[in-house]
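Breakdown of the fold
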Amino acid sequence: MPDTGDDEISVEPEGNAAKIGWVAQPETSGPVHVVPRSCPQCGDPNGATPASGYSLPPWTIKTCAECGFTYITSAPAYDALFEHMAWEKTAQLENERRESTRRLQQKLSKKTRWRLHLLPRKRMPELLAVHAVAGNVIDLGCGDGGQMAGIADHFVPHGIEIASAAAARADAWFRERGGYAINAACLDGLKQFPDAYFTAATLRSYLEHELHPSAVLAEVARVLKPGAVAIVKVPNYASLNRQVMGNRWCGFRYPDHLNYFTPKSLRTMAAKHGLRLRFGPTWCLPTSDNMWALLRKE
Ligand SMILES: [Zn+2]
């Protein structure tokens, strides 16, 4: 099995459990069920070196020596995400951690928020209207369905969400529009749809959380019609702010953010599955912590 590089993760010895460990995470209510990870981009289990200063025990961030992809080397298992590790809860814990240990830095970060308003905020309904044709659309990690609010009438909303309560809320209103939401991990949920079913997929602040991003993009490519698009927003690990702020960069979220994409690595991973990446003129600026990308199925 891959070396997780982390002594605090104890690995159970037998059967399926050989790949699963438990790690005590002091800032949550109890131990967390974790799985060790190989490089999500190239699959290399051993070649990674620690990204200097970016780990926060028990979580280790490494950069793959083979392909340069940066990722967290162990992650909460899907089962943990269904309930007590739901992203909204861990995000709140992460904010509390930042508030208590890094008050000054956070103040500074808030003071530089003007950077975020240099350009108009992008909204998914407008992006869909511009880049997608009428038909079924799917939001991965759809939460309670909120970001599909306001989509044009010619789109039928679908979604996949791992947190049960949020998925139920999304399902209720997607059904009013002829679609539905599935309560599952995205990889499992996508497999329930036929080939070429969607005219668009939206992956907003989702792919950085995904345990198997490459496998998910393969499924996204399968369920998209030829010429259809996936609209992606992820933190940009190559951003200037990450290079300036170091381990205080707002893109580091332990353990919620599993994958740290750069424009290059996102392009490479998408291309592997026949999705051609394009950035709009202001979609990938070094001054922004995030990047937006359009992946078109060839
Ligand atoms: Zn790699």
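Residues numbered from 1 in each chain as written. Predicted model: local features only at pLDDT ≥ 70, side-chain atom pairs only at ≥ 80, totals over all residues.

Now for the nonpolar core. Most often, soluble globular proteins have nonpolar side chains that are buried together. One finds A200, A201, V220 and A230 to be the most contacted residues of the largest nonpolar core, which totals 67 residues. The element best represented in this core is strand β12 (residues 224–235), accounting for 7 residues. Shared between two domains, this core takes at least three residues from each, and those domains are domain 1 (10–109) and domain 2 (119–297). Discounting chain neighbours no more than four positions away, the residues touching A230 are A201, L203, V220, L224, L275 and L295. (Core = buried A, V, L, I, M, F, W, Y, C linked by C-beta atoms within 7 Å. Buried ≥ 20, exposed ≤ 12 C-beta atoms within 10 Å, placed from the backbone. Helix = DSSP H or I, 4+ residues; strand = E, 2+ residues; numbered from the N terminus. Domains from an automatic or database assignment. Contact = placed C-beta atoms within 7 Å.)

Attention now moves to the pairing of β12. Burial analysis of β12 places 9 of its 12 residues in the buried class, the great majority of the element. With 6 bridges joining them, strand β11 (residues 198–204) and β12 adopt parallel strand pairing. Along β12, the bridge assignment pairs A200 with V229. Between the parallel elements β11 and β12, the chain passes through helix α7 (residues 213–223) in a crossover that is right-handed. Across 7 bridges, β12 lies against strand β15 (residues 290–297) in antiparallel orientation. Looking at the pairing, A230 lines up with L295 of β15. (Pairing = 2+ DSSP bridges. Right-handed = clockwise from strand over helix to strand, strands pointing away.)

To continue, consider the confidence of the model for the protein chain. Averaged over every residue, the pLDDT of the protein chain is 82; residues scoring 70 or more account for 74%. Throughout residues 1–20 the model reports pLDDT below 50, and contacts reaching past four residues in sequence, or to other chains, amount to 41 contacts. Note on residues 24–29: pLDDT is under 50 here. Beyond four places in sequence and across chains, it has 7 contacts. (pLDDT = per-residue confidence, 0-100.)

Remark on secondary structure: sheet strands pair via backbone hydrogen bonds, oriented parallel or antiparallel. Spatially, 7 strands are ordered β10-β9-β8-β11-β12-β15-β14 in an open sheet, and the strand pairing comes out mixed. At either end of the open sheet lies a strand with only one pairing partner, and these are β10 (181–183) and β14 (275–278). The sheet shows a mean angle of 20° between the axes of neighbouring strands, taken without regard to direction. Running over the sheet, helix α4 (residues 124–131) touches β8 (135–140), β9 (155–161), β11, β12 and β15 and is turned about 150° from β12. Relative to the sheet, α7 contacts β11, β12, β14 and β15, its axis offset from that of β12 by approximately 145°. (Axes fitted to C-alpha atoms, helices over the stretch in contact; angles between N-to-C directions.)

Once that is clear, we can look at unusual backbone geometry. Between P57 and the following residue, P58, the backbone shows a cis peptide bond with an omega angle of 5°. Take P58: it is sitting in the loop between β4 (48–50) and β5 (61–64). A cis amide bond links Y254 to the next residue, P255, at an omega of -5°. Note on placement: P255 falls in the loop between α8 (240–245) and β13 (259–260). Phi at S205 takes a positive value of approximately 50°, unusual for a residue other than glycine. Within the element layout of this structure, S205 appears in the loop between β11 and α7. Judged by C-beta crowding, with 16 C-beta atoms within 10 Å, S205 ranks as partly exposed.

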